[in-house]
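Below are the chains, spelled out letter by letter.
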Amino acid sequence: MDNHFKNKLLHKKNEELLQGGGQARQQKQRASGKALARARIDALVDKDSFTECLRFVTGEAAILGDGVIIGYATIMGRLVCLYAQDFTVCGGTVGKKHAEKIVTILEMAVKLKAPLIGLIDSGGARIQEGVEALHGYGQIFRKQVQYSGVIPQLSVILGPCAGGAVYSPALTDVIFMVEKISHMFVTGPKVLAAVTGSDVDMESLGGARMHATQSGNVHVTAKNEAALFKEVRAFLSYMPTGKEIPCHKHMDKVASLAHVLPINEMSVYDVREVIQLLADRQSFMELSSCFARNLVTGFIRLNEQTVGVVANNPKHLAGGIDVDASDKCARFVRFCDCYRIPLLVLEDVCGFIPGTEQEQRGLIRHGAKVIYAFAEATVPKITVILRKAYGGAFVALNSKALGADFVFSWPTAEMAVMGADGAKSVINTESRETEDTPVPTAFLAAEKGIIDDIIEPETTRARLIDAYAVLACKKIAAYPHGNMPL
Ligand code: HXC
């Protein structure tokens, strides 16, 4: 796969995202008096303030996003996290990945101390995914209970909310409904007719009026979505959470970032050039520049805020991590964590350096320090994968699994358990086509939610500035004192 193709793929996927369940279903949605999920988000939040997370996640239904859009935005300048179900994709139903995304945004809301808003328009558990769909709801319920009283949770019902799925809004603090369009019931009219023979219409069974006047399940109703969103915004103005953050996203591009990597992916380059391009002008200060040169550590200013940078440098030892680089990295990460300095990892790594000498010097123990330091650090942590991220180094260098707040990748980057040559020596090459050795690209990782997003190199600086501005709200408890491998 050449780089040109991968760059084009990003554009194609960006367009595909907007299609949802296709034009016909989108038209049907509008015709029934309901807006599309993305338009709803735009109508609710401050202009241009929404940032989508995990947009490329794909589940069994093989549709980008798996029927739910998650992300953060501001409302009247204050941070909120939200999810919006897309009824045009499998009726907005909850499958495994859909549920994982909702759990992710709930966790993010707690981490950022922001209210969580659910825009609900869903047929409930996705029948095709069976018990996995039910399990997904269970996981959402658990998080909702765990975070109840920690952050305000709002449910805005904008269509159906049927079956056991209704227990999700029921577990939140406040429920909003649109008259005549929103419905909530444990058992729908069709099933009711089949089971009990009773003939009842949607409105009397679960309409906004019934819930506002009889069941008491709903707190605020309005005649249409626009009026309801006004109520949601008003409600939030009374809430204590949701810190003020800059509303407008940074749009400026750094064109030279698009060409900073050599065309030949085997060629070396000096990662300090990338750092300089990302940083505020002349703000990079390197530490230990003559020791373990395969890993660069230092400080930059990003929109005038200090950030600690750890970067593999392919110019030395192909950027691989050895004993000295491990020590340098772990010590620097802990330094930043001590003084609340946000961390940035620029990753282009073939792995930990193989060989007897490194093993005898204790690469296992020293490499473990890198894992320990990143997993333990509670400061904002972001990784950008520039070109490749292989093996243990992929995990160790601030992966999502270790608790990175965001992992972004450039479209051309590769992630794999090991490089192609190593893989061929391990996997039975007779039974597998060696040319097809599984080297998942950034896109596969993004589909699975193992990285957050694929971004164009020239937008990286702007994206980082915005992400750190949001992460300034991050607050999580530090682990108790542990036994770091020294
Ligand atoms: C999979 C579903 C679905 C479901 C709807 N769809 N519900 N797909 N699983 N649960 C799909 C439809 O097949 C259709 O796909 C699209 O969504 C739109 O649905 P329509 O019926 O065409 O739309 P509409 O007429 O507006 O009716 C919407 C509806 C109705 C009222 C939601 O679809 C319905 O009654 N669905 C079943 C609702 C239900 O009983 N849910 C409970 C599930 S059990 P196409 O491809 O045609 O666009 C549950 C338990 C959770 O949720 C337990 C947690 C503890």
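Let me begin by describing the structure that accompanies this report. Here the structure is a predicted model, which is why all the values come from computation and not from measurement.

**Section: the overall build of the protein**
Summing up its helical and strand segments, the protein has 18 helices and 16 strands in all. The C-alpha atoms of the protein give a radius of gyration of 24 Å, which matches the 23 Å a tight globule of 486 residues would have. Viewed in the frame of its principal axes, the protein has a C-alpha envelope of about 80 × 55 × 45 Å. Here the protein holds 486 residues, and 54% of them are scored as buried. Long-range contacts, defined as pairs at least 24 residues apart, comprise 73% of the intrachain contacts of the protein with a sequence gap of at least 6. When the accessible surface of the protein is split by element, carbon and sulfur atoms take 56% of a total near 22300 Å². With 53 positive and 52 negative side-chain charges, the protein shows a separation of 4 Å between the mean positions of the two kinds.

**Structural notes on the pattern of salt bridges**
Per the counting criterion, the structure on display carries 28 salt bridges. Asp453 is paired through a salt bridge with Arg55; the nearest N and O atoms lie 2.9 Å apart. With Asp453 in strand 16 (residues 453–454) and Arg55 in the loop between strand 1 (51–53) and strand 2 (68–75), this pair connects stretches of sequence that are 398 residues apart. Classification of Asp453 as buried rests on a relative accessible area of 2%. Accessibility expressed as a relative area gives 14% for Arg55, which makes it buried. Between Asp405 and Lys111 there is a salt bridge whose closest N-O contact spans 2.7 Å. You can see Asp405 sitting in the loop between helix 15 (391–396) and strand 14 (406–409) and its partner Lys111 sitting in helix 4 (residues 96–111), a full 294 residues away along the chain. Assigned by exposure class, Asp405 and Lys111 land together as buried. In this structure, a network of salt bridges that share partners links the residues Lys34, Arg40, Asp121 and Glu225.

**Section: the packing of helix 4 against helix 5 (residues 130–146)**
Contact geometry for helix 4 and helix 5: axes closest at 8 Å, N-to-C directions at 10 degrees. Comparing their axes, helix 5 and helix 4 come out roughly parallel. Only Glu132, Gly136, Gln139, Ile140, Lys143 and Gln144 of helix 5 make contact with helix 4, whose side of the interface consists of Lys96, Ala99, Ile102, Val103, Leu106 and Glu107.

Parameters and conventions
- Residues numbered from 1 in each chain as written.
- Predicted model: local features only at pLDDT ≥ 70, side-chain atom pairs only at ≥ 80, totals over all residues.
- Heavy atoms only, no water.
- Helix = DSSP H or I, 4+ residues; strand = E, 2+ residues; numbered from the N terminus.
- Rg over C-alpha atoms; globule rule 2.2 N^0.38 Å.
- Buried < 20%, exposed > 50% of the residue type's maximum accessible area, 1.4 Å probe, protein only.
- Contact = heavy atoms within 4.5 Å.
- Areas by Shrake-Rupley, 256 points an atom, 1.4 Å probe, with all protein chains shown as cover.
- Lys, Arg positive; Asp, Glu negative; His and termini not counted.
- Charge placed at Lys NZ, Arg CZ, Asp CG, Glu CD.
- Salt bridge = Lys/Arg side-chain N within 4 Å of Asp/Glu carboxyl O.
- Axes fitted to C-alpha atoms, helices over the stretch in contact; angles between N-to-C directions.
- Parallel < 35°, antiparallel > 145°, perpendicular 65-115°, else oblique.

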